[in-house]
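Examination of the molecular architecture
The lines below spell out each chain.
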Amino acid sequence: MSDYQLYHSLGQGGPDEDPRNRSQNPQQPPNQFQPPIAPSPYGQSGANYNPQAEQQYGNPQMGAPSPYQGPQDSGYFPQQGGQSQDAPLAAQMGGMALGGGEVATYGKKKKKDRHAYHTVEAPAGSSAAFNGIPQAGVQPSSFLNADPSAMSSPGAQFLNQPITPQMSQFPAPVNAPFNPANQASSAEFNSRQADPPFHANVQTSAQGRVDPDQIPSVPRSRDAISQYYLSNVYPTFEHHIPPPASVSFVAFDQGNSSPKFTRLTMNNIPSTVDALHSTGLPLGLLLQPLAPLQAGELEIPVLDFGEVGPPRCHRCRAYINPFMVFRSGGNKFVCNMCNYANDVPPEYFCATTPQGARVDREQRPELMRGTVEFLVPKEYWSKEPVGLRWLFLIDVGQESFNKGFLEGFCEGIMAALYGSDAKAEERKIPEGAKVGFVTFDKDIHFYNMNPSLDQAQMLIMPDIEDPFLPLDEGLFVDPYEAKSNITSLLSQLPALFSQIKNPEPALLPTLNSALAALEKTGGKIICSLAALPTWGPGRLFLRDDGKQHGGDAEKKLFSTEHPGWRKVADKMVAAGVGIDFFLAAPGGGYLDIATIGHVSATTGGETFYYPNFVSPRDTAKLSQEIAHTVTRETGYQALMKVRCSNGLQVSSYHGNFHQHTFGADIEFGVVDADKAMGVMFSYDGKLDAKLDAHFQSALLYTTANGQRRVRCSNVIASVSDNAKDCMKFVDQDAVYTLIAKEAATKMTSSSLKEIRGALTEKTVDILAGYRKNFSGSHPPGQLVLPENLKEFGMYILGLIKSRAFKGGQEPTDRRVHDMRMLKSMGALELSLYLYPRMIPVHNLQPEDGFPNAETGHLHMPPSIRCSFSRVEEGGVYLIDNGQNCYLWMHAQTSPNLISDLFGEEKDSLKSLDPYSSSLPVLQTQLNAQVRNILEYLKIMRGSKALTIQLARQGLDGAEYEFARLLVEDRNNEAQSYVDWLVHIHRHVQLELTGQRKKDDSGDNSIASNFAGLRPPYW
């Protein structure tokens, strides 16, 4: 939060209650970020350990003068006018200069003009800043970034030295996918000049360099705020900026919906469309209607108004909520969306106090809470609601059997239904829900699971041209009544099909017969597939031969034109059926996810993709993900509508759903706790700054235990005539999440190059708009970032580097899968996906990874920046992007550390099992710490399970994935973080001087029609 005077004017809390108010210097937990380091028990003789080099590039906790360090009084919330150049944190957060000497002059700003500003210097001739040459008097380290133009193999940007077996970050180059298109020689690269227009605008300091420690740090901002929320709740009405999505917090619902369900991009909205354009920001709402609650949060109240249903506005049909005003002694209620005065139904009447509040307000959750559920009567039903029907479609073809995928999938279903302990009687799925089983290869096999039978009966359907449903009773059973039949069938399936092994599955006919089974009731299908379905009607072909790189040919591969698949998807939505796919590509081969995944994306389901499934390593992940899919909160047959107050209108929805025509309600076959969607708003008039803006989302769905409900979430935002006030209440997570969802929507209509260009342009527009209109006077060499958008540039760079949008070669299956994932991700999952969590585990403090004795909260070690310059020799790092978690181990990792982590018999990297997916349970301190940290990471993620994958330096292919996740370095065909900020800054300068070309790279075609990604120019 920027300005606490505003709170006083609103009559709400002072600066002490706000974790982001940097004017104070709160009592930080002592030594939170730099505990004194004990002599490491994992020192190794002869590991060419270089303490002096460590001083510059070492891990923050090694007593180095790093940005995490500094005197305690310049903690995360430093004093505003930090004069000393020696306190880099004060410089970063107060008057931030990238390598210049201007902090002192421009540091003392008025409190209301608080920003992080950066002096970005143009490299004068030499590219010292980019090659990471150490400062005078510091011995060079072996982890300097090499000349990026000389990259010949992935990861070569990390090393300047010849690769030796002892220290190599990467094995021998494979097929060098990261090569720049036209390589400059080293000399050309070093002698390159800045383009002439930039010389006038960017100051060059004596060093001509940018200090990577001085740019905004995502890990530090996450860690500092998470400390605050360990001991404070988030009151949803008093505070106007929600905590970052990746932080664990307890929300206290005061009538405004919790940020777990709803996030507005701006919690203070400009009153006119011109004022919004001056900010460059999109106006939108991020919705995750069934988001899971955290321990300590109140359950969502479920309210039953009987046959009449919940009170609603007669004009706009908004549901009753805390912001509707009662008048005429309680006989009328005025709608907060359209201002229509409705008569209060007689059964809902209650007298009001002289102040206008209902006497029974405190007893009515719908008038007190931002998110509530209404049970709804028959007129809201499209068919009789029943408990959720789960139908498991199991691929029993040759690939599935050979890979061990069939066995893993059957184990996963048993774990999901009965837990790992087969004797336990605890219900995993709610009362009333039923399960059914179908297997398929080139035929379809149905199973009669009736509990009165001794064992399951198999019915084979050979007619796949026109499949029908061979049994009416016995397909769906209660999993606890028919437990013996289900467990015996699932344990026998792999052996049953071990001799048949049909190589070609027929998937579309199977989906059609599954739809026939669920047509009357609706339900959810969970389908496994391990080979391209090349048999029967709707068979698919190898569309991607790897040659359609870029351009329109590649764009066609991102969607499907196949009429059979499109038709089955539309029919499923109409019947209230959704589907989750579990896809294992044979040897990383092509599966046409664009076509198959279209069915799950349209119906609101999800695709779990294992691009290189290896049974011993990935079975645990598969099993946990099936269990999560079955046990998370799931609704089906869902419709959703978002309403907003007068002066605004919904302009578009972004996500995985079905929408018949523009403006219609959006429909889902199924909706679950992990799914989020974006809603964009536009102005159809001027807003009144004296009134607030209101938003209400209503999700009509059937719960897994068979109740028809409406989940209602209400959000309120103040309106301001002065757009400068609005910049103080921007929600960074909502902004980049909506931009990502909109960009993903454009993938089928615009080229990837245009989308990357539009994302860059959008970042420039936001920062240039802020610089031009709101930031006051700063010298031209400073990059001025809004207080609440400091890390925005890094997140957008992470988006440009993501598999969906990155340049270079990338299999279309991976691109499409990530694109659909972006469209359905919530803010927490996307935050980790764009900027992974990286935790060093070789220098944990004794208290890390154990609960705090007083509070019981787990003491998490600080995470570090995702850059190879932070990696220490002999270090071991966990890196988790919410999809996969890698344990990277340096080639010279101490044997003591390895045996502490994996057991006494393991004392070298080579002795470890490359396919292990979890840590053994040992009695050592380190092992317990790391297992506790992993358990914590399991609760802070989206739908993907957490299992570890080893990435041992020079030994495992997963090392390439580790290198991909170091998003601050130059990789994924995109710049490093420092270069990117310099690039953005140059364009901001050009915008300020009027020299920026709007269509300099042909991006205008897309930029002009990206509502959220570029304000229209007229």
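Residues numbered from 1 in each chain as written. Predicted model: local features only at pLDDT ≥ 70, side-chain atom pairs only at ≥ 80, totals over all residues. Heavy atoms only, no water.

**Regarding the overall build of the chain**
The helix and strand tally for the chain stands at 28 helices and 29 strands. Within the span of the chain, comprising 1018 residues, buried residues form 62% of the whole. Long-range pairs, those at least 24 residues apart, make up 75% of the contacts in the chain with a sequence separation of at least 6. Of the roughly 37200 Å² of accessible surface on the chain, a fraction of 52% belongs to carbon and sulfur atoms. (Helix = DSSP H or I, 4+ residues; strand = E, 2+ residues; numbered from the N terminus. Buried < 20%, exposed > 50% of the residue type's maximum accessible area, 1.4 Å probe, protein only. Contact = heavy atoms within 4.5 Å. Areas by Shrake-Rupley, 256 points an atom, 1.4 Å probe, with all protein chains shown as cover.)

**Digging into a nonpolar patch on the surface**
A cluster of nonpolar side chains, contributed by Val233, Phe252 and Leu298, occupies part of the molecular surface with about 280 Å² of accessible area. By secondary structure assignment, the location of leucine 298 is in the loop between strand S6 (284-287) and strand S7 (302-304). (Patch = residues over 30% accessible without salt bridge, like charges linked within 9 Å, V, L, I, M, F, W, Y side chains within 5 Å. Salt bridge = Lys/Arg side-chain N within 4 Å of Asp/Glu carboxyl O.)

**Observations regarding unusual backbone geometry**
The backbone of arginine 317 shows a phi angle near 65°, a positive value even though the residue is not glycine. Relative to the helices and strands, arginine 317 is located in the loop between S7 and strand S8 (325-327). The class for arginine 317 is partly exposed, based on a relative accessible area of 36%. Non-glycine residue glutamine 637 carries a positive phi angle of around 55°. Here glutamine 637 lies in strand S19 (residues 634-644).

**A word on the packing of aromatic side chains**
Enumeration over the complete set of coordinates arrives at 24 aromatic pairs. Relative to phenylalanine 608, the ring of phenylalanine 582 has its centre 4.5 Å away and its plane inclined at 5°; by these criteria the two rings are stacked. Note that phenylalanine 582 is positioned in strand S17 (residues 577-584) and phenylalanine 608 in strand S18 (residues 607-610), a separation of 26 residues in sequence. Classification of phenylalanine 582 as buried rests on a relative accessible area of 0%. (Phe/Tyr/Trp six-rings, centres within 6.5 Å; stacked < 30°, edge-to-face > 60°.)

**Digging into the environment of serine 750**
Summarising the element assignment, serine 750 is placed in the loop between helix H19 (732-745) and helix H20 (752-773). Judged by its relative accessible area of 9%, serine 750 is buried. Note: C-alpha distance between serine 750 and aspartate 552 (198 residues apart in sequence) is 8.6 Å.

**Some thoughts on the environment of tyrosine 480**
Locating tyrosine 480 in the fold gives a position in the loop between strand S15 (457-461) and helix H12 (483-496). Residue tyrosine 480 is classed as buried on the basis of its relative accessible area of 17%. C-alpha of tyrosine 480 to C-alpha of isoleucine 429: the two residues are 51 residues apart in sequence and 9.8 Å apart in space. When sequence neighbours within four positions are dropped, the list of residues in contact with tyrosine 480 reads Leu417, Tyr418, Glu426, Arg427, Lys428 and Ile429. Among the polar contacts listed, one links the side chain of tyrosine 480 to the backbone nitrogen of lysine 428, at a separation of 2.6 Å. (Polar contact = N/O pair within 3.5 Å; in protein donor to acceptor, adjacent residues only side chain to side chain.)

**Re the packing of helix H11 (residues 405-418) against helix H17 (residues 615-631)**
At a closest axis distance of 8 Å, the pairing of H11 and H17 adopts a crossing angle of 40°. In terms of their interaxial angle, H11 and H17 are classed as oblique. The way H11 lies across H17 gives a crossing that is right-handed. Along its contact with H11, which presents Phe405, Gly408, Phe409, Glu411, Gly412, Ile413, Ala415 and Ala416, the element H17 presents Thr619, Leu622, Ser623, Ile626, Ala627, Val630 and Thr631. Of the residues assigned to the contact of H11 with H17, the class counts are nine nonpolar, five polar and one charged. (Axes fitted to C-alpha atoms, helices over the stretch in contact; angles between N-to-C directions. Parallel < 35°, antiparallel > 145°, perpendicular 65-115°, else oblique. Left-handed = near helix turned anticlockwise from the far one by under 90°. Nonpolar A, V, L, I, M, F, W, Y, C, P; charged D, E, K, R; others polar.)

**Quick word on the nonpolar core**
Ile525, Phe695 and Phe805 are the most contacted members of the largest nonpolar core, which has 141 residues in total. Broken down by element, this core gets its largest block of residues, eight residues, from H20. Filtering out sequence-adjacent residues up to four positions away, phenylalanine 805 remains in contact with Ala740, Ala743, Ala744, Met747, Leu752, Ile755, Arg756, Leu759, Leu799, Ile800, Arg815 and Leu822. Counting 42 residues, the second largest nonpolar core, distinct from the first, contains Trp390, Ala482, Phe497 and Ala530. (Core = buried A, V, L, I, M, F, W, Y, C linked by side-chain atoms within 4.5 Å.)

**As for the side chain of threonine 560**
Mapped onto the elements of the fold, threonine 560 is located in the loop between helix H14 (551-556) and helix H15 (563-575). Judged by relative accessible area, threonine 560 falls into the buried class, the value being 1%. A polar side-chain atom of threonine 560 sits 3.1 Å from the main-chain amide nitrogen of histidine 562. Non-local contacts of threonine 560, meaning those with residues more than four positions away in its chain, are made with Arg566, Ala594, Thr595 and His598.

**Points about the pattern of salt bridges**
Inspection of the entire model under this criterion finds 44 salt bridges. A salt bridge links aspartate 592 to arginine 543; its shortest N-O distance comes to 3.1 Å. Linking aspartate 592 in the loop between S17 and helix H16 (593-603) with arginine 543 in the loop between strand S16 (523-529) and H14, this pair joins segments that are 49 residues apart in sequence. Residue classification places aspartate 592 among the buried residues on the basis of a relative accessible area of 1%.

**Describing the sheet that holds S16**
Paired through their backbone hydrogen bonds, the strands of a sheet run either parallel or antiparallel. Taken together, seven strands build an open sheet; the order of strands is S15-S14-S13-S12-S16-S17-S18 and the sheet is mixed. In this open sheet, the two strands that pair with only one neighbour each are S15 and S18. Each strand axis lies, on average, 20° off the axis of its neighbour in the sheet, ignoring direction. When strand S14 (residues 444-448) meets S15, the two strands line up antiparallel, connected through five bridges. Paired with histidine 445 across the bridge in S15 is isoleucine 460. (Pairing = 2+ DSSP bridges.)

**So, H20**
Given a rise of 1.5 Å per residue, 22 residues ought to cover 32 Å, and the 31 Å separating the end C-alpha atoms of H20 matches this to within 8%. In terms of burial, H20 is largely enclosed, as 17 of its 22 residues are buried. (Expected span 1.5 Å × (residues − 1).)

**Thoughts on the sheet that holds strand S27 (residues 876-880)**
Read across the open sheet, the four strands follow the order S26-S27-S28-S29; overall the sheet is mixed. If you trace the sheet from one side to the other, it starts and ends with strand S26 (837-840) and strand S29 (948-952), each paired once. Here the strands of the sheet are splayed against their neighbours by 20° on average, with no regard to which way each runs. Bridge analysis of strand S28 (residues 885-889) against S29 gives five bridges, and the strand direction is parallel. Each residue of the ladder has a partner; that of tryptophan 888, found in S29, is alanine 951.

**As for the confidence of the model for the chain**
Regions with low pLDDT should not have their predicted coordinates read in detail. Of the residues in the chain, 77% have a pLDDT of 70 or more, and the chain-wide mean is 80. Across the chain, S6 holds the top mean pLDDT of 97, while helix H7 (residues 196-199) sits lowest at 27. Contacts from residues 1-19, a stretch scored under 50 in pLDDT, to residues over four places away or in other chains number 47 contacts. Of the regions scoring below 50 in pLDDT, residues 999-1018 engages in 46 contacts with residues more than four places distant in sequence or in other chains. (pLDDT = per-residue confidence, 0-100.)

**As for the environment of glutamine 782**
For glutamine 782, the position within the fold is in strand S25 (residues 782-786). A relative accessible area of 1% means that glutamine 782 is categorised as buried. On a C-alpha basis, the gap between glutamine 782 and arginine 771 in space is 10.0 Å, while along the polypeptide they are 11 residues apart.

**Remarks on the packing of H19 against helix H23 (residues 827-834)**
Their axes nearest at 10 Å, the elements H19 and H23 cross at an angle of 80°. Accordingly, the angle class assigned to the pair H19 and H23 is roughly perpendicular. Note on element contacts: H23 touches H19 through Ala827, Leu830, Ser831 and Leu834, opposite Asp733, Tyr736, Thr737 and Ala740. Here the contact of H19 with H23 is composed, by residue class, of five nonpolar, two polar and one charged.

**Re the state of the cysteines**
Within the structure shown, the criterion is met by zero disulfides. Free cysteine: cysteine 313, not disulfide-bonded; nearest cysteine sulfur from cysteine 338 at 3.6 Å. Assessed through its relative accessible area of 0%, cysteine 313 is described here as buried. (Disulfide = S-S within 2.5 Å.)

**Considering the side chain of serine 652**
Looking at where serine 652 falls in the secondary structure, it is placed in strand S20 (residues 648-654). Among the polar contacts made by the side chain of serine 652, one reaches the side chain of histidine 654 at a distance of 3.2 Å. Setting aside chain neighbours within four positions, we find serine 652 in contact with Phe662, Gly678, Val679 and Met680.

**With respect to the pairing of S6**
Neither face of S6 is open: one carries Gly284 and Leu286, the other Leu285 and Leu287, and all of them are buried. Across three bridges, the pairing between strand S4 (residues 262-264) and S6 is antiparallel. Counterpart to threonine 262 in the pairing with S6 is leucine 287. Pairing between S6 and strand S22 (residues 677-683): four bridges, direction antiparallel. Bridge assignment links glycine 284 to a residue of S22, and that residue is methionine 680.

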